[in-house]
Amino acid sequence: MIELYKINKLYESKKESFQALKNINLKIKDQEILGVVGYSGAGKSTLVRLINGLIKPSCGQIIIDGTSIHALKQEDLNRMRYDISMIFQHFNLVSNLNVYDNIKLALSIKKYPKEDIDHRIHEVLDLVGLVDKKHRYPKELSGGEKQRVGIARAISNRPKYLLCDEATSALDQKTAYDIVQLLKTIHKQTKITIVFISHQMEIVKDLCERVVVMDEGRIIEDQPTKNLFVSPKNSITKKLIKQVIDEPVHLKNKNYYELIYAHDNVDDSLLSYAIKTYQIDVNIVYAKTLTINTEMIGYLYLEITGEHIDQAINYLREKDIEVRKYA
Amino acid sequence: MLNIYERQLFIEALYETFYIIGITGVFVLLFGLIIGFTLYITSNPKITNQTKIMKIIHRVIATTNDVFRSIPFIILLIMIIPFTRLLVGTMLGPKAAIPALIISATPFFARVVHMSLFEVSNDTLEAAQSMGASFKHLMYVIFKEALPSLVSGYTLTLITLIGFMSAAAVIGAGGLAFLAYEYGKFGSNYILMYLSIFTILALVFIIQIIGDKISRKLDHK
């Protein structure tokens, strides 16, 4: 488990100082896939680098599996990093080493038993589907392939944690999706804990079970992914979500409502019951679904008229449908 | 064409040239790499904590290095005559030129090394550090990434060395440049002079071509 307590990070220079992180408290459970979302400059990258000690906090505690990493000597910190791998936005492969040697370097850094190295390299290359390209140099690979090498390199010594710093941000949509699928497969097989930093909500929603939203160095929201979409609390979160659900913006100043179905009540004819009981008229303006991880959320945009609208809405809310006046 | 005596002179000069470049080249490579790496390590915040002491160490080495680099070679040659005499027992001939050449070319190459190393992407370093790379592994990554540029830099240094050697001719350092100078200055033997000059040119081109080839072969950026 990774625990962060009261983390502050201040960057100081002669001219000005900049507080990148403000009072961060965060627990990352083992085997979880956590998404950290926010716009650039929100402090995501700083946060992820605190976990493996690449950046030291100005104050606060970082505890990994019960060990506080501040007191560690460089040597012990390095040993701890064997277990906390990282992948990067621009892959950061050694350009003068081929695919095979890039992974070999990681394994020899992490003191993997020499006689098993060759076997292990082929194993991870097989997993990411690049066995036939093991003699290529990074510049001869596509972006997606480079990230696959990055992933192979990162998981080669079976670490417990995988930190992903904007791992899909430099890739096109399809490739990014493939990388997410690969990470999911790896998670299923190895139960590795993944911390996935990104500004792309559409990627995070497919991968992560829980999402932390950051803004200006603070954590402003921390929810299971589905809840985040159903009931976002913060305006920044709402903005980020809008990247994924394009709302019908032309609906204004009328009796328009947004109904969100996120629970297992889709089989009941709730709306129909409400129409009959409260004698309301309903005009379906727009409807759609959104897949989050393996679950689905339904969005329904309605124009509702009639005398007992409030009662009808209360009824729907009681039945776990999120109802919002759309204005 | 050349008579036996002249041919003998030419071959001897060619041999001396290789001798001087060879010995000097090895020492410059060694010292330059050491100083260049030290300059880099002491100034990169990713590798060493930039404490006051570290900054002072870097400044001292950098300044010393730059002082020797700034002294024109011909002045340096004369300046260190006492030292040369102490070291090799003479101030004439090929051996006498070597200390001055080393002292003069090493700071040049050290700066080239420093620059090559600094071009290595910090992101690549960060990736290595995130894996828990020891200092040794970190240096390996830096060296591997900088190697093509180091080879180019060394090629450049060798060619500069050949230039310096011509200046060393005035103290009778020997070699092809000395031959060209000796036999050209009073117009006594133009054939020998031009032959020496063309050989020097050929040497420069060969070094450049081989250097470029190796550098390109090592570069996968």
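Rules used throughout
Residues numbered from 1 in each chain as written. Chains lettered and ligands numbered in written order. Predicted model: local features only at pLDDT ≥ 70, side-chain atom pairs only at ≥ 80, totals over all residues. Heavy atoms only, no water. Core = buried A, V, L, I, M, F, W, Y, C linked by side-chain atoms within 4.5 Å. Buried < 20%, exposed > 50% of the residue type's maximum accessible area, 1.4 Å probe, protein only. Helix = DSSP H or I, 4+ residues; strand = E, 2+ residues; numbered from the N terminus. Domains from an automatic or database assignment. Contact = heavy atoms within 4.5 Å. Buried area = accessible area lost by both parts, 1.4 Å probe. Salt bridge = Lys/Arg side-chain N within 4 Å of Asp/Glu carboxyl O. Polar contact = N/O pair within 3.5 Å; in protein donor to acceptor, adjacent residues only side chain to side chain. Pairing = 2+ DSSP bridges. Axes fitted to C-alpha atoms, helices over the stretch in contact; angles between N-to-C directions.

Draft legend 1. Summary view of the nonpolar core. Ranked by internal contacts, the top residues of the largest apolar core, which has 59 residues, are Leu183, Phe196 and Phe229 of chain A. Among the elements that take part in this core, helix 6 (residues 173–190) of chain A stands out by supplying 6 residues, more than any other. Here this core spans two domains, and each of domain 1 (2–240) and domain 2 (245–326) of chain A adds at least three residues to it. Those residues in contact with Phe229 of chain A, other than ones at most four positions away along the chain, are Met201, Lys205, Ile241, Val244, Leu290, Ile292, Ile297 and Tyr299 of chain A. One finds Ala106 of chain A together with Leu125, Leu138 and Ile200 of chain B within the second-largest nonpolar core, a separate group that totals 56 residues.

Draft legend 2. Region of interest: the domain arrangement of chain A. Residues and elements named next belong to chain A. What the domain assignment lists for chain A is domain 1 (2–240) and domain 2 (245–326). For domain 1 versus domain 2, the distance between C-alpha centres works out to 38 Å. Contacts between the two partners involve 12 residues from domain 1 and, on the opposite side, 11 residues from domain 2. A combined buried area of about 980 Å² lies between domain 1 and domain 2, and 55% of that area is made up of carbon and sulfur atoms. In terms of surface lost to domain 2, no three residues of domain 1 exceed Lys226, Phe229 and Val230, which account for 61% of the buried area on that side. In this structure, the connection of domain 1 to domain 2 is made through 1 salt bridge. Across the salt bridge formed by Glu295 and Lys226, the nearest N and O atoms sit 3.1 Å from each other. Applying the counting criterion to the domain 1 and domain 2 interface returns 4 residue pairs in polar contact (both at pLDDT 80 or more). Looking at the side of domain 1 that touches domain 2, the elements that each hand over two or more residues are helix 7 (201–207) and helix 8 (225–230).

Draft legend 3. Region of the structure containing the sheet that holds strand 5 (residues 67–68) of chain A. Residue and element names in this part refer to chain A. Taken together, 4 strands build an open sheet; the order of strands is 2-1-4-5 and the sheet is antiparallel. Among the strands making up the open sheet, the edge pair consists of strand 2 (17–28) and strand 5. Inspection of the sheet shows strand 1 (residues 2–12) paired to strand 2 by 8 bridges, in the antiparallel sense. In the sheet register, Tyr11 faces strand 2, and the bridge partner there is Phe18. Set on the sheet, helix 1 (residues 44–51) makes contact with strand 1, strand 2 and strand 4 (59–64); between it and strand 2 the angle comes to about 60 degrees.

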